[in-house]
Amino acid sequence: MPDDMSRPLVPGWSESGGSRQLEASLSDPNTPMVGILGTGDFSRSLARRLVASGYQVVVGSRSPARSVALFPEEVEVASQMEAATQADVVFVAVFPEHHSTLVTLKSALVGKTLVDVSNSLGINRDGPSNAEQLSNLFPDSFVVKGFNTLSAWALQNGPRDGIRQVGLISGWWVFTLMCVGFNISCFVQVLLCGNSSKAKDLVKHICHRMGFIPVDMGFLSSSLEIENLPHHLFPSWRLPVLCMLCLFVFFYLYNFIQEVIHPLVEKGKGAFYKMPIEVVNASLPSVALVMLALVYLPGLFAAFFQLRWDTKYKRFPNWLDRWLTARKQFGLCSFLCAVMHAVYSLSLPLRKSARYKLSNMAYQQVKAGVEDSWNDEEVWRMELYLSAGIMALGLLSLLAVTSLPSVASTLNWREFTFIQSSLGYCALTAATTHTLIFGWNRAFTPARYPFYLPPSFVLVLILPCVVLCGRLALFLPCMAGRLWKIRRGWERSRQIRFALPGEDCRNGGGEDVSNV
């Protein structure tokens with residue numbers, strides 16, 4: 001089986017005619033010679049990618065004779081001094097702690113562009129960044145930070161790791177495009193920063209030729225932020241996931257006390273078999289409903305803050321700002337719990353315990369001589385309960401799908417607001433109705449209050465009902481009209497005139513709403 005390194009990197013390259021094609025691609029005088037300092041995994045993948053993009057590459061190594069076998073034959077492997085001397089652009093793929101070993105190359109790198117691709121070992125909050133340290137070591141060179149958000153595997157096999165930087169394409173679309181053989185590298189962004197515009201333009205050209213989209217992040221002072229990006233672990237998901245886990249633990253323990261501990265205390269009969277399925281299934285819908293209510297609660301807080309301040313030109317508290325920006329994650333966590341609740345509910349009849357209970361109920365019915373156990377009230381309750389639940393899950397699915405960037409980008413602002421706001425409140429109403437029908441008249445049965453604790457379906461209804469009542473309050477004309485004016489720029493403390501198109505305010509046209 002031939003080695004991957006022996007395969008030609010440039011499409012159509014062969015022993016007979018491939019070298020001429022490669023020379024033709026390199027005959028452009030504007031094509032710079034690219035050097036790479038370092039022989040690690042990232043250096044090898046970068047070299048392969050550069051050669052495949054038509055660049056002539058020279059790699060600088062402290063042991064050229066030992067490193068030559070690690071690179072394809074189109075790459076020249078030389079000493080670090082030779083590589084620094086020949087190259088026009090140099091990628092520094094060396095660990096930051098080894099930057100001092102490159103000081104001997106200072107004279108050879110004068111006036112050249114250095115691309116720092118390194119990352120720190122962890123989040124660096126104090127600085128300086130690796131790129132800034134490299135710039136201090138080579139003051140006569142132009143340092144550009146970039147390519148550190150891509151992995152060696154991504155460079156060599158298709159930059160799927162970099163897809164997380166893209167805002168207009170979702171993972172499902174990326175997966176679909178890859179399945180049909182579409183080249184997704186054109187969707188990957190590479191963040192760049194540097195103090196020299198000319199050096200950044202040169203690196204941008206290389207990015208474009210490699211199939212990436214360069215994004216200019218400004219001066220080299222932004223390099224600390226770029227270097228910290230690969231170390232962030234779902235920063236926007238921490239609060240929603242933590243909230244979801246805390247709610248699940250709370251409701252699980254609450255249901256465990258009612259469903260397992262209470263029978264053990266009162267009757268001396270344990271029901272620990274309920275822990276894996278029944279207790280979990282009773283906790284998931286509670287978490288889903290509360291998380292969905294938490295999606296729309298911050299919007300109500302924002303509206304009431306604006307009504308209280310009589311202006312929209314005042315910053316919300318930091319906790320509300322953070323909450324508002326995490327609403328999408330709260331909604332997706334709610335959707336996850338709802339889907340898991342549906343799956344758990346479908347699995348309830350498959351359990352052995354459910355079969356035993358059904359057999360015992362049938363035996364008791366036969367023993368009591370009951371021929372028809374039909375109960376209209378219970379039948380209607382279950383029909384309405386399931387219908388409301390299915391409707392809520394369907395609306396939640398629609399909200400989750402439209403939150404994907406690839407879908408959201410096809411909607412205008414009015415369509416997106418209608419789905420996420422209007423239909424979102426419909427989903428919350430359907431889920432609340434689903435819970436109310438489940439409770440039915442059970443909330444008024446003393447047997448449903450073990451240890452004087454209310455059932456979980458009573459407890460979970462508090463927050464959704466508060467949100468829905470708050471939303472209804474904002475529909476009142478006195479509230480809705482005032483909020484509309486505030487969001488159109490009206491302030492109680494200022495004189496602001498609203499003029500219709502074509503009216504001349506200098507002649508008294510328009511409506512003075514400052515005291516409305």
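The name an unreviewed UniProt entry gives the chain is STEAP3 metalloreductase, with Oryzias melastigma as the organism. Under the UniProt heading Subcellular location (unreviewed entry), the note attached to the chain is "Endosome membrane". UniProt, in the comment section headed Sequence similarities (unreviewed entry), describes the chain in these words: "Belongs to the STEAP family."

Caption draft 1: Structural view of the environment of P72. As for its placement among the helices and strands, P72 is situated in the loop between α3 (64-67) and β3 (76-79). Taking the C-alpha atoms as reference points, P72 and A47, 25 residues apart in sequence, are found 8.5 Å from one another.

Caption draft 2: Region of interest: the UniProt feature "transmembrane region" (unreviewed entry) in the chain. The sites that UniProt annotates as "transmembrane region" (unreviewed entry) are residues 172-194, 239-257, 287-309, 330-350, 384-404, 416-437 and 457-484. For residues 384-404, the helix share is 90%, the strand share is 0%, and the end-to-end C-alpha distance is 31 Å. A distance of 30 Å separates the end C-alpha atoms of residues 416-437, which is 100% helix and 0% strand.

Caption draft 3: Examining the layout of surface pockets more closely. Quantified by volume, the second largest pocket comes out at close to 1,200 Å³. Surrounding the second largest pocket, 37 residues form its lining, Y296, R327, T417, Q420 and S421 being those nearest its centre. Those elements giving two or more residues to the lining of the second largest pocket turn out to be α11 (278-309), α12 (318-325), α13 (327-347), α15 (376-402), α17 (413-439), α19 (462-474) and α20 (477-487). The element contributing the most residues to the lining of the second largest pocket is α17, with 9 residues. Of the residues in the lining of the second largest pocket, the class split is 22 nonpolar, 9 polar and 6 charged.

Rules used in this analysis
Residues numbered from 1 in each chain as written. Predicted model: local features only at pLDDT ≥ 70, side-chain atom pairs only at ≥ 80, totals over all residues. Heavy atoms only, no water. UniProt positions renumbered as here; feature names shortened; annotations may be inferred. Helix = DSSP H or I, 4+ residues; strand = E, 2+ residues; numbered from the N terminus. 1 Å grid on protein atoms, 1.4 Å probe; cavity = no way out; pocket = protein on both sides within 12 Å on 5 of 7 lines; lining within 4 Å. Points joined across faces, edges and corners; volume = space filled by probe spheres on them. Nonpolar A, V, L, I, M, F, W, Y, C, P; charged D, E, K, R; others polar.

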